[in-house]
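Commentary on secondary and tertiary structure
One letter stands for each residue in the lines below.
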Amino acid sequence: MEHAVEIENLVKVFPAHFGGRPVRAVDRVSIRIEPGQVYGLIGPNGSGKSTTMKALLGLVAPTSGTCRIFGADSLAVDSREQVGFLPENPYFYKHLSGAETLRFYGKLCGLRGKALDARIDELLELVDLNDARDRRLGGYSKGMLQRIGLAQALIQEPRLVILDEPTAGVDPIGSRQIRDLILALRERGITVFLCSHLLEQVQEVCDQVGIIFRGRMIREGRLEDMLAIEDQTELVLRDAPPELVDEIRRLVASADGAELVRAGKPRTTLERLFLRETVDRAE
Amino acid sequence: MKTLHRPLNPRRIGVLAFHTFTQLVRMKVFYFLALFAVIVIGANFLELPTHAAPESSGVELLYAIKNTSIGCMSLFSIVIAVVATGLLLPKDVEDRTLYTILAKPVPRLDYLLGKFFGVAALIFVSLAVMDLLMSGVLALRLGGVLEQQRAAAEAFGYPPDLIESQLAETRALGPTWNLQGAVFVVFLRAIVIICVALLLSTFSTSTLFTAIVGFLVVFIGFFQADAREAYFQGTGVLGRIGSAIMTTVLPDLQIYNLIDAVIEGKVLKALDLLKVAGVTLFYFIVYTFASWLVFARKEF
Ligand SMILES: Nc1ncnc2c1ncn2[C@@H]1O[C@H](COP(=O)(O)OP(=O)(O)OP(=O)(O)O)[C@@H](O)[C@H]1O
Ligand SMILES: [Mg+2]
């Protein structure tokens, strides 16, 4: 089967500037993503995530190795037909309004006429920017820019979406919307390649995860496999009377070889608390 | 779908050019035109000291209008060609808008051509507006000048055919097709300068550098033909090659000087215009190709 993304032994060395040493930003990284999967790339700042994505889009040329999108080499323009890209910290043309921005990118992809109009309306609705559609981007907030960027990436209904920190600077409500959007994309069979520092979100949406450190791929695999602690089992009870808990403790103590590691109240996350107190209250 | 992504797709270049045009318009470049209007209309009211005979009075005024107008057009077209072109590319890199454009199926050559045609369209429209204004003012003034001259000549009792030939001479100083030709030559010169600025901005990332070097190249361009003559005179084949290389690397802007002759009322020959257009096309192809060579390898 054709891979959605196929990065093979990618090496990217940035030449030295002003007597500094050359930077080996990506070092023999290989990534394969099957169509329909959501792949999350995580790693510390400066570990080469953005560089890998740029190489995949042909924005930087690999020092060695190859990148392919649905079988087409990234250095060829054709490979970009099926891909949408949201760069990190995106800034778009400040003089265009939201709708004009989408129109511009849509036309670059060869869309036009009624189909383009309909697509623009649909996307503005999707990213919740309908109210701001005729405002110039110069007056958009960071989160709004991020959302218009996401809409722009989806304009030609690409089969692969590459998102470089899609939720950076977005409030928890917006970032939950983006998460839901990514899940909706997966639902429709669209491949997503993202990187993020919000590990909790990565955990929520990704099928596959790769951890990159100083340009090298350290761990890679299915999220479930990587996170499961093989020798432990979790029980979460609701409204359990203390006697029942004591009973379970006793049972565990009497069982052979089993051990109770921890019992107590699970905590909600700050994110869930924030959402419960803001959006869920409003609804 | 595949053929859509070959370079030189006119529709895609059109989209990029139109966008560049709007971008510049929204940067309020057209405010310059208001200033131009003030200058041209101001030149119209100049009371020039006249030393000419009464039957040719008013001629200086026509010269003055043309001189100031074409001078302003030249200045405007050169400044916009250097500054606007030099600004666009580094801005796209800085704002990372370039990432999003090149991440779409847009060949880099098309991107460059889009920028080129956007700036060229802006200059074309501006020159057309200025031309219209200049021609209007000239036509208005010419009528008055002709009447004045006829009255003076008749008072002197000149024979009618002499009067007619003199008036025809004056008419050649009005809004003729020649003059439109000269404005077109101003536009052609702007095209060469846009190409130079575009090439410069592909390897510099600073607007200031592009602007300064761009103006330097323009400045040299106005003198380089003389320099070439002084350097390579009588140096044989090698000299001719050197001279050819020099005119290719640094555009020779002296060939556009026929604008001045036209202001003087000389006839612009079709052959000369064709020659200038041919040279412009040559520079356009050479510089755009060079820009593309640099830009295609560029990383962001
Ligand atoms: N154009 C460039 N020229 C020189 N070095 C570069 C260039 N782009 C990136 N680098 C270097 O490559 C390394 C990887 O950068 P990259 O942007 O890929 O990191 P990242 O994983 O995306 O980090 P972050 O989480 O901060 O976004 C860094 O050390 C960076 O300094
Ligand atoms: Mg990054």
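Residues numbered from 1 in each chain as written. Chains lettered and ligands numbered in written order. Predicted model: local features only at pLDDT ≥ 70, side-chain atom pairs only at ≥ 80, totals over all residues. Heavy atoms only, no water.

Turning our eyes to something else, we now look at the site of ligand 1. All names here are of chain A. Near ligand 1 you find 14 residues, and of these Gly 46, Lys 49, Ser 50, Thr 51 and His 197 are the closest. Backbone polar atom of Gly 46 to an oxygen atom of ligand 1: 2.7 Å apart, as the coordinates give it. At 3.0 Å, a side-chain N or O of Glu 88 approaches an oxygen atom of ligand 1. Against a free-state accessible area of 630 Å², the protein chains account for coverage of 68% of ligand 1. Only β2 (23-33) and α1 (49-56) provide two or more residues apiece to the shell around ligand 1. (Near = heavy atom within 4 Å. Polar contact = N/O pair within 3.5 Å; in protein donor to acceptor, adjacent residues only side chain to side chain. Areas by Shrake-Rupley, 256 points an atom, 1.4 Å probe, with all protein chains shown as cover. Helix = DSSP H or I, 4+ residues; strand = E, 2+ residues; numbered from the N terminus.)

All names here are of chain A. Listed as protein donors to the magnesium ion (ligand 2) are Ser 50 (OG) and Glu 88 (OE); their distances from the metal cover 1.9 to 2.6 Å. Taken together, the residues span a long stretch of sequence, with Ser 50 in helix α1 and Glu 88 in the loop between β6 (83-86) and α2 (98-108) at a distance of 38 residues. Relative accessible area serves as the criterion here: at 22%, Glu 88 is assigned to the partly exposed category. (Donors = N, O, S within 2.8 Å, 3.2 Å for Na, K, Ca; no water. Buried < 20%, exposed > 50% of the residue type's maximum accessible area, 1.4 Å probe, protein only.)

All names here are of chain A. In the contact formed by α2 and helix α3 (residues 113-126), the axes pass within 10 Å of each other and the chain directions differ by 130 degrees. The orientation of α2 with respect to α3, classified from their angle, is oblique. Crossing of α2 against α3: the hand is right-handed. Counted together, Ala 99, Leu 102, Arg 103, Gly 106 and Lys 107 of α2 and Leu 116, Asp 117, Ile 120, Leu 123 and Leu 124 of α3 form the full contact between these two elements. In terms of residue class, the contact of α2 with α3 is made up of 6 nonpolar, 1 polar and 3 charged. (Axes fitted to C-alpha atoms, helices over the stretch in contact; angles between N-to-C directions. Parallel < 35°, antiparallel > 145°, perpendicular 65-115°, else oblique. Left-handed = near helix turned anticlockwise from the far one by under 90°. Contact = heavy atoms within 4.5 Å. Nonpolar A, V, L, I, M, F, W, Y, C, P; charged D, E, K, R; others polar.)

Residue and element names in this part refer to chain A. Extensive coverage of α1 is indicated by the burial of 8 of its 8 residues. Every buried residue belonging to α1 is among Lys 49, Ser 50, Thr 51, Thr 52, Met 53, Lys 54, Ala 55 and Leu 56, and all of these are buried. Count one or two residues on from α1 and you reach Gly 58, which has phi positive near 75 degrees.

Residue and element names in this part refer to chain A. The domains assigned to chain A are domain 1 (5-227) and domain 2 (242-282). The C-alpha-based centres of domain 1 and domain 2 are spaced at 37 Å. Of the roughly 580 Å² buried between domain 1 and domain 2 on both sides combined, carbon and sulfur atoms contribute 61%. On the domain 1 side of the interface with domain 2, the three residues burying the most area are Pro 172, Ile 173 and Arg 176, jointly 69% of the side's total. One can count 0 residue pairs in polar contact (both at pLDDT 80 or more) joining domain 1 with domain 2. Broken down by element, the side of domain 1 that touches domain 2 gets its largest block of residues, 4 residues, from helix α5 (residues 172-187). Each residue belonging to the side of domain 1 that touches domain 2 can be placed in one class, and the counts come to 2 nonpolar, no polar and 3 charged. (Domains from an automatic or database assignment. Buried area = accessible area lost by both parts, 1.4 Å probe.)

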